[in-house]
2 protein chains.
Amino acid sequence: MTASRIHRLGDLQLHIMQVLWDRGEATVGDVHAALPGTRALAYTTMATMLRKMEARGLVKHRLEGRSFVYRAAVAADVVSRGMADHLVDRLFEGSLADMVNHLLKTREVSREELVRLERLIAERKQRL
Amino acid sequence: MTASRIHRLGDLQLHIMQVLWDRGEATVGDVHAALPGTRALAYTTMATMLRKMEARGLVKHRLEGRSFVYRAAVAADVVSRGMADHLVDRLFEGSLADMVNHLLKTREVSREELVRLERLIAERKQRL
DNA sequence: GTGGTAACACTACCCAGGTAATTGAAACGA
DNA sequence: TCGTTTCAATTACCTGGGTAGTGTTACCAC
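Residues numbered from 1 in each chain as written. Chains lettered and ligands numbered in written order. Predicted model: local features only at pLDDT ≥ 70, side-chain atom pairs only at ≥ 80, totals over all residues. Heavy atoms only, no water.

Trainee: Explain the nonpolar core to me, please; I cannot follow it from the model alone.
Mentor: Where a protein is soluble and globular, its nonpolar side chains tend to be buried together. Core analysis: the largest hydrophobic core is formed by 76 residues, its most contacted members being Ile16 of chain A together with Ile16 of chain B. Apart from the residues lying within four places of it in its own chain, the contact partners of Ile16 of chain A are Val31, Met46, Met49, Leu50 and Met53 of chain A. (Core = buried A, V, L, I, M, F, W, Y, C linked by side-chain atoms within 4.5 Å. Buried < 20%, exposed > 50% of the residue type's maximum accessible area, 1.4 Å probe, protein only. Contact = heavy atoms within 4.5 Å.)

So this is what it looks like as structure tokens:
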């Protein structure tokens, strides 16, 4: 449950979270360096973002020397779940099948992916 | 393709779109009346929102008497697709299977839904 | 015609995400 | 010791979603 679902996360914030989930810990500089070169953002932008995110409870930091070392304060799957659920609820009235149906209709899907899906569903049925 | 994906839509805007998709056309008053009573919003809020949405190209209006009759300017599935794709890309690097896997792990899913999913995937495999 | 009401128009907020310059302090290097 | 770099802190600004008050007009009922 983890107190008040997270379902809104901007692109930048999500990228930052992904870096943190990936590395466990990272300084502002690390995060800045780790981000996709496609859009070169200022170092200060990262710093500001991280502070805002800490205020919101998404990350925490500790001091090491005079650097802030950040880490995620929420687990990746809690966030994924919050966001995915929110979308399923908003768009498909909570029906996973409707969502998948829609995705299958509108996206390219490889045979491998379909096979994987079949297997996932079969497994899930066992576990019912 | 409909020019530039729509992947950001706030809750209110999405609700409004759903009303329009549902009815085809609706006046501000209709939309206002149709919205979930849970949060009673002012009539003017709807009017403002609809004007903003028109500026963004989400809806159009025509004049009938002195009322604006709004209709959606983008199709429901284009929007669903934009939003769903965006999420799949952001959270699961574009892998539908990863997304479904995640959802299957973290959500309650009924046997019926699993069966429906199986069928959907089987059908999709045919059509490959 | 006059007054109420139903419509849009305009304007103003708030908030959060995103972006960054500026400032100030600490550390480091010569 | 003095300049340069490296950090964090502060501040500011833009955008878009959301919310609504106020203003204005047009129309309908008396």
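After presenting the structure, the write-up continues.
Trainee: Sorry, what's going on with the pattern of salt bridges here?
Mentor: A side chain with one charge may pair with a side chain of the opposite charge, provided their charged atoms come close. Inspection of the entire model under this criterion finds 18 salt bridges over all chains. For Arg90 of chain A, the salt bridge goes to Asp11 of chain B, with nearest N and O atoms at 2.3 Å. Residue Arg90 of chain A is found in helix α4 (residues 76-92), and its partner Asp11 of chain B is found in helix α1 (residues 11-23); the two belong to separate chains. We classify Arg90 of chain A as buried; its relative accessible area is 15%. Overall, the relative accessible area of 28% leaves Asp11 of chain B in the partly exposed class. Notably, a salt bridge pairs Glu25 of chain B with Arg62 of chain B, separated by 2.7 Å at the nearest N-O pair. Of this pair, Glu25 of chain B sits in strand β1 (residues 25-27) while Arg62 of chain B is found in strand β2 (residues 59-64), placing the two residues 37 residues apart along the sequence. For Arg62 of chain B, a relative accessible area of 32% corresponds to the partly exposed category. Several salt bridges share partner residues, and in doing so they unite Arg81, Asp85 and Asp89 of chain A together with Arg107 of chain B into one network. (Salt bridge = Lys/Arg side-chain N within 4 Å of Asp/Glu carboxyl O. Helix = DSSP H or I, 4+ residues; strand = E, 2+ residues; numbered from the N terminus.)

Trainee: Help me understand the packing of aromatic side chains, please; the structure alone is not making it clear to me.
Mentor: The geometry of an aromatic ring pair comes down to the distance between the two centres and the angle between the two planes. By the definition in use, this model includes two aromatic pairs over all chains. Consider the rings of Phe68 of chain A and Tyr70 of chain A, whose centres lie 6.1 Å apart with planes at 65°: the pair is edge-to-face. (Phe/Tyr/Trp six-rings, centres within 6.5 Å; stacked < 30°, edge-to-face > 60°.)

Trainee: Where do I start with the protein's contact with DNA strand C in this structure?
Mentor: Taken together, 22 residues surround DNA strand C, and among them Asp11, Thr48 and Arg56 of chain A together with Tyr43 and Phe68 of chain B come closest. Of what DNA strand C places within 4 Å of the protein, 64% of the atoms are sugar or phosphate. Separating a phosphate oxygen of DNA strand C from a backbone N or O atom of Gln13 of chain A is a distance of 3.2 Å. Where the surface near DNA strand C is concerned, the elements lending two or more residues are α1 (11-23) and α3 (43-55) of chain A together with α3 (43-55) and β3 (67-72) of chain B. In terms of residue count, α3 of chain A provides more of the surface near DNA strand C than any other element does, five residues in total. Here the residues of the surface near DNA strand C sort into seven nonpolar, eight polar and seven charged. (Near = heavy atom within 4 Å. Polar contact = N/O pair within 3.5 Å; in protein donor to acceptor, adjacent residues only side chain to side chain. Nonpolar A, V, L, I, M, F, W, Y, C, P; charged D, E, K, R; others polar.)

Trainee: Mind showing me how you'd approach the sheet that holds strand β3 (residues 67-72) of chain A here?
Mentor: The strands that make up a sheet pair up through hydrogen bonds in the backbone, lying either parallel or antiparallel. Residues and elements named next belong to chain A. Read from one edge to the other, the open sheet built from three strands follows the order β1-β3-β2, with strand pairing classed as antiparallel. The open sheet has two edge strands with one neighbour each: β1 (25-27) and β2 (59-64). Neighbour-to-neighbour, the strand axes of this sheet turn through a mean angle of 35°, independent of strand direction. Bridge analysis of β2 against β3 gives six bridges, and the strand direction is antiparallel. When the sheet's bridge partners are listed, Val59 is paired in β3 with Ala72. Sheet contacts for α1: β1, β2 and β3; angle to β3, the most-contacted strand, approximately 90°. Against the sheet, α3 engages β2 and β3, with an angle of about 120° to β2. (Pairing = 2+ DSSP bridges. Axes fitted to C-alpha atoms, helices over the stretch in contact; angles between N-to-C directions.)

Trainee: Sorry, what's going on with the protein's contact with DNA strand D here?
Mentor: Close to DNA strand D lie 20 residues; Arg51 and Phe68 of chain A together with Asp11, Thr48 and Arg56 of chain B are nearest. A breakdown of the atoms of DNA strand D within 4 Å of the protein gives sugar and phosphate a share of 66%. Within the contact set of DNA strand D, a phosphate oxygen lies 2.4 Å away from a side-chain nitrogen or oxygen of Arg56 of chain B. Tallied by class, the residues present in the surface near DNA strand D amount to seven nonpolar, six polar and seven charged.

Trainee: I tried to follow the interface of chain B and chain A on my own but got confused; where do I start?
Mentor: How large an interface is tends to be reported as the accessible area lost when its parts come together. Residue-level contacts link 46 residues of chain B with 46 residues of chain A. Together chain B and chain A conceal approximately 4,800 Å² of surface at their shared face, both sides included; 61% is due to carbon and sulfur atoms. Considering only the side of chain B, the residues that lose the most area to chain A are Arg90, Leu96 and Arg107 of chain B, jointly responsible for 14% of the buried surface there. There are 12 salt bridges connecting chain B and chain A. Counting across the chain B and chain A interface gives 30 residue pairs in polar contact (both at pLDDT 80 or more). For the side of chain B that touches chain A, the leading source of residues is helix α4 (residues 76-92) of chain B, giving 13 residues. (Buried area = accessible area lost by both parts, 1.4 Å probe.)

All quantities given are derived from atomic positions and should not be read as evidence of function.
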